[in-house]
Amino acid sequence: MELMIGVIILVMSMALVFYVMGQTQDSQCIAQVKANVRNLESAMLAVALGSPPTTKEVFFDFKSCGEKAVKTIRLARYEDPKYCRACPGQQSGCWIIEPVFNTGKDNKYYVLADAQSCIDMPANVQIAVDSVCMNAINKYMASNENPCGLPVSAECTADKTLISSSVWNKGCTQAAAAGGTLPSSCKALFSSFTSKGGNFKFKLKKSIVSTGGKALGQIEVCPTRA
(Lines give C-alpha, C1' and ligand atoms only; values in the text may rest on other atoms or scores of the structure.)
Protein backbone atom coordinates (compact mmCIF):
# COMPACT_ATOMS: atom_id res chain seq x y z
CA MET A 1 0.00 0.00 0.00
CA GLU A 2 2.76 2.46 0.94
CA LEU A 3 4.56 1.60 -2.30
CA MET A 4 1.40 2.32 -4.32
CA ILE A 5 0.91 5.65 -2.56
CA GLY A 6 4.55 6.51 -3.26
CA VAL A 7 4.15 5.69 -6.94
CA ILE A 8 0.99 7.82 -7.18
CA ILE A 9 2.75 10.76 -5.52
CA LEU A 10 5.74 10.35 -7.85
CA VAL A 11 3.53 10.27 -10.97
CA MET A 12 1.60 13.34 -9.82
CA SER A 13 4.83 15.18 -9.05
CA MET A 14 6.26 14.38 -12.47
CA ALA A 15 3.05 15.50 -14.15
CA LEU A 16 3.23 18.79 -12.26
CA VAL A 17 6.87 19.29 -13.25
CA PHE A 18 6.11 18.68 -16.94
CA TYR A 19 3.12 21.01 -16.76
CA VAL A 20 5.21 23.80 -15.23
CA MET A 21 7.95 23.24 -17.82
CA GLY A 22 5.39 23.43 -20.62
CA GLN A 23 3.92 26.63 -19.23
CA THR A 24 7.40 28.15 -18.92
CA GLN A 25 8.28 27.25 -22.50
CA ASP A 26 5.00 28.72 -23.75
CA SER A 27 5.64 31.94 -21.83
CA GLN A 28 9.14 32.22 -23.28
CA CYS A 29 7.77 31.57 -26.77
CA ILE A 30 5.08 34.26 -26.40
CA ALA A 31 7.76 36.67 -25.15
CA GLN A 32 9.75 36.01 -28.34
CA VAL A 33 6.68 36.68 -30.49
CA LYS A 34 6.10 39.89 -28.55
CA ALA A 35 9.71 40.96 -29.16
CA ASN A 36 9.24 40.38 -32.91
CA VAL A 37 6.04 42.41 -32.88
CA ARG A 38 7.66 45.25 -30.94
CA ASN A 39 10.54 45.37 -33.42
CA LEU A 40 8.06 45.58 -36.30
CA GLU A 41 6.07 48.27 -34.48
CA SER A 42 9.21 50.34 -33.90
CA ALA A 43 10.22 50.05 -37.56
CA MET A 44 6.74 50.98 -38.81
CA LEU A 45 6.58 54.04 -36.57
CA ALA A 46 10.01 55.22 -37.71
CA VAL A 47 9.00 54.84 -41.36
CA ALA A 48 5.59 56.47 -40.84
CA LEU A 49 7.18 59.52 -39.24
CA GLY A 50 10.12 59.69 -41.64
CA SER A 51 10.44 61.51 -44.93
CA PRO A 52 10.28 59.56 -48.22
CA PRO A 53 12.08 57.32 -49.03
CA THR A 54 12.78 56.29 -45.41
CA THR A 55 13.24 52.51 -45.23
CA LYS A 56 13.55 49.94 -42.47
CA GLU A 57 14.02 46.19 -42.54
CA VAL A 58 12.93 43.92 -39.70
CA PHE A 59 13.11 40.16 -39.11
CA PHE A 60 9.98 38.24 -38.08
CA ASP A 61 9.94 34.69 -36.74
CA PHE A 62 6.56 32.97 -36.97
CA LYS A 63 6.36 30.60 -34.00
CA SER A 64 4.11 27.95 -32.51
CA CYS A 65 3.72 28.43 -28.76
CA GLY A 66 2.24 25.20 -27.49
CA GLU A 67 -1.19 24.87 -29.10
CA LYS A 68 -1.06 28.46 -30.34
CA ALA A 69 0.35 28.37 -33.88
CA VAL A 70 1.08 32.00 -34.79
CA LYS A 71 1.14 31.89 -38.58
CA THR A 72 -0.48 35.24 -39.40
CA ILE A 73 0.60 38.74 -38.54
CA ARG A 74 -1.91 41.44 -39.37
CA LEU A 75 -1.60 45.20 -39.52
CA ALA A 76 -5.01 46.36 -38.34
CA ARG A 77 -6.53 49.82 -38.45
CA TYR A 78 -9.63 50.23 -36.28
CA GLU A 79 -11.97 53.20 -36.09
CA ASP A 80 -14.25 51.54 -33.55
CA PRO A 81 -12.99 52.45 -30.02
CA LYS A 82 -14.06 48.98 -28.83
CA TYR A 83 -11.03 47.54 -30.58
CA CYS A 84 -8.62 50.25 -29.40
CA ARG A 85 -8.73 49.46 -25.68
CA ALA A 86 -5.13 48.25 -25.81
CA CYS A 87 -4.04 51.67 -27.11
CA PRO A 88 -4.33 54.38 -24.41
CA GLY A 89 -5.07 57.80 -25.85
CA GLN A 90 -6.15 56.45 -29.24
CA GLN A 91 -9.86 56.07 -28.68
CA SER A 92 -10.78 57.79 -31.97
CA GLY A 93 -8.94 55.19 -34.03
CA CYS A 94 -5.79 53.13 -33.85
CA TRP A 95 -3.25 50.98 -35.67
CA ILE A 96 -2.38 47.65 -34.04
CA ILE A 97 -0.01 44.84 -35.00
CA GLU A 98 -1.84 41.63 -34.13
CA PRO A 99 -0.29 38.15 -34.13
CA VAL A 100 -3.07 35.69 -34.99
CA PHE A 101 -3.19 32.03 -34.01
CA ASN A 102 -5.39 29.00 -34.49
CA THR A 103 -5.29 26.07 -32.08
CA GLY A 104 -6.45 23.53 -34.63
CA LYS A 105 -9.33 22.63 -32.30
CA ASP A 106 -11.82 24.95 -33.99
CA ASN A 107 -12.19 27.10 -37.07
CA LYS A 108 -11.55 30.39 -35.30
CA TYR A 109 -8.70 32.89 -35.40
CA TYR A 110 -7.60 34.52 -32.17
CA VAL A 111 -5.32 37.45 -31.43
CA LEU A 112 -2.38 36.64 -29.17
CA ALA A 113 -3.30 39.55 -26.91
CA ASP A 114 -0.13 39.34 -24.80
CA ALA A 115 1.97 40.01 -27.88
CA GLN A 116 -0.03 42.65 -29.80
CA SER A 117 1.34 46.17 -30.07
CA CYS A 118 -0.13 49.58 -30.91
CA ILE A 119 1.50 51.83 -33.51
CA ASP A 120 1.28 55.50 -32.58
CA MET A 121 1.01 56.77 -36.14
CA PRO A 122 -1.64 58.84 -37.98
CA ALA A 123 -4.81 56.96 -38.94
CA ASN A 124 -4.66 58.27 -42.52
CA VAL A 125 -1.37 56.52 -43.26
CA GLN A 126 -1.99 53.83 -45.86
CA ILE A 127 -0.49 50.36 -46.11
CA ALA A 128 0.51 49.09 -49.55
CA VAL A 129 1.69 45.51 -50.03
CA ASP A 130 4.39 45.18 -52.68
CA SER A 131 2.92 42.70 -55.18
CA VAL A 132 6.31 42.04 -56.78
CA CYS A 133 7.71 40.85 -53.46
CA MET A 134 4.63 38.75 -52.78
CA ASN A 135 4.81 37.08 -56.19
CA ALA A 136 8.42 36.17 -55.50
CA ILE A 137 7.61 34.37 -52.23
CA ASN A 138 4.05 33.11 -52.81
CA LYS A 139 5.22 29.56 -52.10
CA TYR A 140 6.11 30.64 -48.59
CA MET A 141 3.71 33.44 -47.67
CA ALA A 142 0.20 34.65 -48.50
CA SER A 143 -1.05 38.23 -48.20
CA ASN A 144 -4.62 39.54 -48.18
CA GLU A 145 -6.86 42.18 -46.68
CA ASN A 146 -8.99 40.05 -44.37
CA PRO A 147 -8.35 39.44 -40.65
CA CYS A 148 -8.20 35.64 -40.91
CA GLY A 149 -5.22 35.40 -43.22
CA LEU A 150 -7.26 33.18 -45.54
CA PRO A 151 -6.73 33.52 -49.30
CA VAL A 152 -10.43 34.17 -49.98
CA SER A 153 -12.25 36.93 -48.11
CA ALA A 154 -15.58 35.13 -48.43
CA GLU A 155 -14.22 32.35 -46.20
CA CYS A 156 -13.38 34.84 -43.47
CA THR A 157 -16.42 35.62 -41.32
CA ALA A 158 -17.25 37.48 -38.13
CA ASP A 159 -17.75 34.15 -36.38
CA LYS A 160 -14.23 33.02 -37.25
CA THR A 161 -12.51 36.23 -36.13
CA LEU A 162 -14.70 37.44 -33.25
CA ILE A 163 -14.79 40.77 -35.14
CA SER A 164 -18.32 42.03 -35.71
CA SER A 165 -19.55 42.21 -39.31
CA SER A 166 -20.53 45.82 -38.55
CA VAL A 167 -16.81 46.54 -38.14
CA TRP A 168 -15.36 44.56 -41.06
CA ASN A 169 -16.66 43.02 -44.25
CA LYS A 170 -14.97 41.91 -47.46
CA GLY A 171 -15.64 45.31 -49.06
CA CYS A 172 -13.43 47.07 -46.52
CA THR A 173 -10.12 47.30 -48.38
CA GLN A 174 -7.23 49.73 -48.69
CA ALA A 175 -8.68 50.81 -52.06
CA ALA A 176 -11.98 51.64 -50.35
CA ALA A 177 -10.09 54.00 -48.05
CA ALA A 178 -8.12 55.64 -50.86
CA GLY A 179 -9.53 59.05 -49.99
CA GLY A 180 -8.12 58.83 -46.49
CA THR A 181 -11.47 58.03 -44.86
CA LEU A 182 -13.21 54.68 -44.63
CA PRO A 183 -16.77 54.31 -45.94
CA SER A 184 -19.32 54.50 -43.14
CA SER A 185 -19.93 50.75 -43.46
CA CYS A 186 -16.27 50.04 -42.70
CA LYS A 187 -14.59 50.54 -39.35
CA ALA A 188 -11.50 48.44 -39.89
CA LEU A 189 -8.80 47.68 -42.45
CA PHE A 190 -6.39 44.75 -42.47
CA SER A 191 -3.19 43.79 -44.22
CA SER A 192 -2.52 40.19 -43.23
CA PHE A 193 0.61 38.13 -43.87
CA THR A 194 0.42 34.37 -43.39
CA SER A 195 3.51 32.17 -43.27
CA LYS A 196 3.41 28.86 -45.11
CA GLY A 197 6.75 27.96 -43.55
CA GLY A 198 10.00 29.62 -42.54
CA ASN A 199 10.97 33.05 -41.29
CA PHE A 200 10.79 36.38 -43.05
CA LYS A 201 12.07 39.92 -43.28
CA PHE A 202 9.74 42.85 -43.82
CA LYS A 203 11.15 45.81 -45.72
CA LEU A 204 9.17 48.99 -45.05
CA LYS A 205 9.43 52.05 -47.27
CA LYS A 206 7.81 55.48 -46.89
CA SER A 207 6.20 57.10 -49.91
CA ILE A 208 3.63 59.80 -50.60
CA VAL A 209 0.56 59.17 -52.74
CA SER A 210 -1.98 61.62 -54.08
CA THR A 211 -5.55 60.45 -53.65
CA GLY A 212 -8.74 62.45 -53.94
CA GLY A 213 -6.74 65.66 -54.11
CA LYS A 214 -4.94 64.79 -50.87
CA ALA A 215 -1.30 63.86 -50.29
CA LEU A 216 -1.21 60.85 -47.98
CA GLY A 217 1.63 58.96 -46.37
CA GLN A 218 2.03 55.36 -47.41
CA ILE A 219 4.08 52.47 -46.03
CA GLU A 220 5.06 49.99 -48.71
CA VAL A 221 5.54 46.50 -47.25
CA CYS A 222 7.87 44.09 -49.00
CA PRO A 223 8.23 40.66 -47.33
CA THR A 224 11.16 38.43 -48.27
CA ARG A 225 12.54 35.14 -47.04
CA ALA A 226 14.98 35.55 -44.14
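Above this note sits the structure.
For the structure given in this document, a descriptive report is provided here. (Residues numbered from 1 in each chain as written. Predicted model: local features only at pLDDT ≥ 70, side-chain atom pairs only at ≥ 80, totals over all residues. Heavy atoms only, no water.)

**Observations concerning the overall build of the protein chain**
Looking only at helices and strands, the protein chain has 3 helices and 11 strands in total. Listing the helices and strands of the protein chain from first to last along the sequence gives α-β-β-β-β-β-β-β-α-β-α-β-β-β. Intrachain contacts of the protein chain at a sequence separation of at least 6 include 64% that bridge at least 24 residues. Entry remark: accessible area of the protein chain is about 11,600 Å², with carbon and sulfur atoms responsible for 56%. (Helix = DSSP H or I, 4+ residues; strand = E, 2+ residues; numbered from the N terminus. Contact = heavy atoms within 4.5 Å. Areas by Shrake-Rupley, 256 points an atom, 1.4 Å probe, with all protein chains shown as cover.)

**Section: unusual backbone geometry**
A cis amide bond, omega 0°, links Pro52 with the succeeding residue Pro53. Position of Pro53 relative to the elements: it lies in the loop between helix 1 (2–49) and strand 1 (55–60). Phi at Leu162 takes a positive value of approximately 65°, unusual for a residue other than glycine. Overall, the relative accessible area of 53% leaves Leu162 in the exposed class. (Buried < 20%, exposed > 50% of the residue type's maximum accessible area, 1.4 Å probe, protein only.)

**Describing the nonpolar core**
In this structure, Leu40, Met44, Ile73, Phe202, Leu204 and Ile219 are the most contacted members of the largest nonpolar core, which totals 34 residues. Elements that contribute at least two residues to this core include exactly helix 1, strand 1, strand 3 (68–78), strand 4 (94–102), strand 10 (200–211) and strand 11 (214–225). At 9 residues, the largest contribution of residues to this core is made by helix 1. Residues within four places of Leu40 in sequence aside, it is in contact with Val58, Phe60, Ile73, Leu75, Ile97, Phe202 and Leu204. Grouped together as the second largest cluster of nonpolar side chains are 21 residues, Tyr78, Val100, Leu150 and Phe190 included. (Core = buried A, V, L, I, M, F, W, Y, C linked by side-chain atoms within 4.5 Å.)

**With respect to the environment of Glu98**
Along the chain, Glu98 falls in strand 4. Taking the C-alpha atoms as reference points, Glu98 and Ile73, separated by 25 residues in sequence, lie 5.8 Å from one another. The residues touching Glu98, leaving out its near neighbours within four places in the chain, are Thr72, Ile73, Arg74, Ala76, Tyr78, Val111, Gln116 and Phe190. Within the local environment of Glu98, its side chain forms a polar contact with the side chain of Arg74, the two groups lying 2.6 Å apart. Of note is the side chain of Glu98, whose polar atom sits 3.0 Å from the side chain of Tyr78. (Polar contact = N/O pair within 3.5 Å; in protein donor to acceptor, adjacent residues only side chain to side chain.)

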